[in-house]
Amino acid sequence: MKIGFIGLGMMGAGMASNLQKAGHDLVVNDLTRQAASAHLNAGATWAETPRAVAQACDLVFTSLPTPADVQTVGTGANGLIEGFGPGAAWFDLSTNAVDVVRALHASFAEKDVAFLDAPVSGGPKGANSGRLAIWVGGDRAIFDKYHAALSAMGDQAAYIGPIGAGSIAKLVHNASSAAVNVVLAEVFTMGIKAGVEPLALFEAVRQGASGRNRMFDRLSDHFLTGSYDPADFALRLLHKDVSLACQLAREVQVPMRLTNLALMELTEALNRGWGTRDSRVGSLLQQERAGIPPIAVAADKIKAVLDADAK
């Protein structure tokens, strides 16, 4: 199948490569041709504009940073809407605003083009390995038609519901993750300042009721090591996602006290100039407030704790 792919950044690059590995021919576009070099070397065709991608393909995927970027690629000058023919389909893999995806769905329906929101979860590692959730909202028949292509990118491609449902699922997921990160930073700095060594505390709570469900294992990658570079998922992107979740909550009149507190934490970290660092870098703020030295546990010691449970 000839497939268009626009947006070959940290997430898009891996997903596009997996489509190629599955045997699909790609037509690609990004802000720079350099971003597509690996895919071009693997046989992809370069298109100068989103319009040219749409003219060449009946199926297009986009993976873009912000809702504004998605709107520009879709309906801006030389956008997808100028190139698609009737019966084409566009899956947006970005984390987007619900009102934006619903508006795009309506605009493209007038051209007899299916637009589906299909945000993903799994980070760059998942995008590269294919261990990726893809949550799709829109026409079920279109999802079923292109399920094989979706499955080439992610092992958990699921239909969630009508247009916007995928985006809602993604915002729920990322907002809850951000709030949990804030709570874990608070309670761990309390425990450490009260006198328990960080690795010993981590090892202890992992064996409690919540710990056996692996709630605390998220601390092992960055919080305990004190390393927030390179980012698994950039702070600026999580800030955008949680902002969208809080916006949606206001629109549907649902109070989100803890999530708004998490957004404040992310904003404070963003104002430190940490936008490109890992999204969990806000934990450093709590360590400062607690008045404890920066946490830095050796990675091999953390691995020993994790491996002990795997035996």
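Up top is the structure.
Residues numbered from 1 in each chain as written. Predicted model: local features only at pLDDT ≥ 70, side-chain atom pairs only at ≥ 80, totals over all residues. Heavy atoms only, no water.

Residues Leu 59 and Phe 61 line one face of strand β4 (residues 59-62) and the alternating positions Val 60 and Thr 62 line the opposite face, and both faces are buried. Of the strand pairs in this sheet, strand β1 (residues 2-6) and β4 are connected by 3 bridges, and their pairing is parallel. The partner of Ile 6 across the bridge, within β4, is Thr 62. Relative to strand β5 (residues 89-92), β4 runs parallel, the two sharing 4 bridges. From the neighbouring strand, Thr 62 faces β5, where its bridge partner is Asp 92. For the segment spanning β4, helix α4 (residues 67-75) and β5, crossover handedness is right-handed. (Buried < 20%, exposed > 50% of the residue type's maximum accessible area, 1.4 Å probe, protein only. Helix = DSSP H or I, 4+ residues; strand = E, 2+ residues; numbered from the N terminus. Pairing = 2+ DSSP bridges. Right-handed = clockwise from strand over helix to strand, strands pointing away.)

Turning next to the pairing of β1. Counting buried positions along β1 gives 4 out of 5 residues, so the element sits mostly inside the fold. Pairing of β1 with strand β2 (residues 25-29), which is carried by 5 bridges, proceeds in the parallel orientation. From the neighbouring strand, Gly 4 faces β2, where its bridge partner is Val 27. Read from β1 through helix α1 (residues 12-21) to β2, the crossover connection turns out right-handed.

At a minimum axis separation of 11 Å, helix α10 (residues 198-205) and helix α14 (residues 299-310) run at an interaxial angle of 15 degrees. Judged on the interaxial angle alone, α14 and α10 are roughly parallel. α14 is crossed by α10, and the crossing has right-handed handedness. Where α10 approaches α14, its residues Leu 199, Phe 202 and Glu 203 are matched on the opposing element by Lys 301, Ile 302, Val 305 and Leu 306. (Axes fitted to C-alpha atoms, helices over the stretch in contact; angles between N-to-C directions. Parallel < 35°, antiparallel > 145°, perpendicular 65-115°, else oblique. Left-handed = near helix turned anticlockwise from the far one by under 90°. Contact = heavy atoms within 4.5 Å.)

Another point: the environment of Ile 302. On the secondary structure map, Ile 302 appears in helix α14. Along the backbone, Ile 302 and Trp 46 are 256 residues apart, and their C-alpha atoms lie at a distance of 44 Å. Filtering out sequence-adjacent residues up to four positions away, Ile 302 remains in contact with Leu 199, Phe 202, Ser 220, Leu 224, Thr 225 and Val 297.

The subject of this paragraph is the side chain of His 239. Positionally, His 239 belongs in helix α11 (residues 235-251). We classify His 239 as buried; its relative accessible area is 16%. A polar atom in the side chain of His 239 sits 2.8 Å from the side chain of Thr 267. Setting aside residues up to four positions removed in sequence, His 239 forms contacts with Leu 263, Leu 266, Thr 267 and Leu 270. (Polar contact = N/O pair within 3.5 Å; in protein donor to acceptor, adjacent residues only side chain to side chain.)

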